[in-house]
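Here is how the chains run, residue by residue.
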Amino acid sequence: MKCSKNNLGYFIGNSARLIKYSMNNRLRELGYDLTMEHLIFMKILNKSDGMTQQGIADFFSKDKGSITRMVSNMEDRNLLMRIPDKVDKRCNLIYLTPHGRKMLTELFQVIQEFNDHLVEDIPDDELIQCLSVLEKIIIKLSNKNVTPTKIIIMMTSVKAFLGRLFLFELEKEEFKDL
C-alpha cells in the first residue's frame, strides 16, 4: 500500500496501535503486569508528581471515571498513591510510590531497547523527514482549535510512531536521585 493523502491517518494510527501492542507484549514477556499506558502515566508522574486526577484525565483526554479506575488499579499494585489536596479537599493529588519509581527505573533499559529496535533499519534522514511531516500536521491541527493537551497527545503519537517515545527518552542522570 502506497502512502497518500487518503491513507496517512491509517498509517499513523496503525503504527501507534502496533507499537502499543508490541510494547505491551514485551512487558508481559518480561513478567510485568503493566501496559504502555501505565508507563506513560508513571512517566508523567515522575516529571510532575502531585497532579490531580482531573489534570491526568485532561492529559489523556479520558473521562474522570476511567482515570479513577486506572489510579485505583495502580494504587492496588503500590505503584502510586492518592493524597487529599490540603487546599481543595475535593481533589486527590497523585504521587508515584518508591516502588513505582523503582519499577520505572528498572524498565528504562527495556524501553530504550524497544525504541532502538523500532528504528534500527530506518536511516536517520528518513526518520527526520517523517518527524518533520508529522510535526507539520500537528501544527496545522493546532491552528484549528486543538487544545494544548491534544497537541501533546498527538505529539506523543508522532514520537511513538518513530519509536522515540518522548516520554521515555530520558537521560540516565534523571534516575540517579531515585
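Reading the values: the criteria
- Residues numbered from 1 in each chain as written.
- Predicted model: local features only at pLDDT ≥ 70, side-chain atom pairs only at ≥ 80, totals over all residues.
- Heavy atoms only, no water.
- Helix = DSSP H or I, 4+ residues; strand = E, 2+ residues; numbered from the N terminus.
- Expected span 1.5 Å × (residues − 1).
- pLDDT = per-residue confidence, 0-100.
- Contact = heavy atoms within 4.5 Å.
- Salt bridge = Lys/Arg side-chain N within 4 Å of Asp/Glu carboxyl O.
- Buried < 20%, exposed > 50% of the residue type's maximum accessible area, 1.4 Å probe, protein only.
- Pairing = 2+ DSSP bridges.
- Axes fitted to C-alpha atoms, helices over the stretch in contact; angles between N-to-C directions.
- Core = buried A, V, L, I, M, F, W, Y, C linked by side-chain atoms within 4.5 Å.
- Bend = angle between axes of the 7 residues up to and from the residue.
- Lys, Arg positive; Asp, Glu negative; His and termini not counted.

## Quick word on helix α1 (residues 8-29)
Then, number 1: For α1, which comprises 22 residues, the first-to-last C-alpha distance of 31 Å matches the rise-based estimate of 32 Å (1.5 Å per residue) to within 8%.
Then, number 2: After α1 finishes, the residue glycine 31 shows a positive phi value of roughly 90°.

## What about the confidence of the model for the protein chain?
Caution applies to low-pLDDT parts of the model: their predicted coordinates are not meant to be read in detail.
Then, number 1: For the protein chain, mean pLDDT is 78; residues scoring 70 or higher make up 76% of the total.
Then, number 2: Contacts of residues 160-178 to residues separated by more than four positions or lying in other chains number 47 contacts, the stretch itself having pLDDT below 50.

## Looking at the pattern of salt bridges
Then, number 1: By the definition in use, this model includes seven salt bridges.
Then, number 2: For arginine 26, the salt bridge is made with glutamate 29, and the minimal N-O distance between the two is 3.1 Å. Taken together, the positions of arginine 26 and glutamate 29, both in helix α1 and three residues apart, correspond to about one turn of that helix.
Then, number 3: Residue arginine 26 is classed as partly exposed on the basis of its relative accessible area of 30%.

## A closer look at the sheet that holds strand β2 (residues 80-84)
Then, number 1: Spatial ordering of the open sheet is given by β1-β3-β2, a layout of three strands whose pairing is antiparallel. With one partner strand each, in any of the chains shown, β1 (51-52) and β2 form the two edges of the open sheet.
Then, number 2: Relative to strand β3 (residues 92-96), β2 runs antiparallel, the two sharing five bridges. By the bridge assignment for β3, arginine 82 is matched with isoleucine 94.
Then, number 3: Contacts between helix α2 (residues 36-47) and the sheet are confined to β1, β2 and β3, with β3 contributing the most and set at about 100° to the helix.

## A look at the nonpolar core
Then, number 1: In terms of nonpolar packing, the biggest core is built from 31 residues, with Leu39, Phe41, Leu45, Ile56, Phe60 and Leu107 touching the most fellow members.
Then, number 2: Sorting the residues of this core by element identifies α1, α2, α3 (53-60), α4 (64-76), β3 and α5 (98-119) as the ones contributing at least two each.
Then, number 3: Broken down by element, the residue count for this core peaks at seven residues, all from α2.

## Focus on α5
Then, number 1: Relative to the 32 Å expected for 22 residues at 1.5 Å per residue, α5 spans 32 Å between its end C-alpha atoms, a close match to the ideal helical length.
Then, number 2: The largest bend in α5 comes to about 35°, at leucine 107.

## Overview of the side chain of aspartate 85
Then, number 1: With respect to the helices and strands, aspartate 85 occurs in the loop between β2 and β3.
Then, number 2: Buried and unpaired, aspartate 85 has lysine 89 as its nearest opposite-charge partner, separated by 7.2 Å.
Then, number 3: Residues in contact with aspartate 85, not counting those within four places in the same chain, are Cys91, Asn92 and Leu93.

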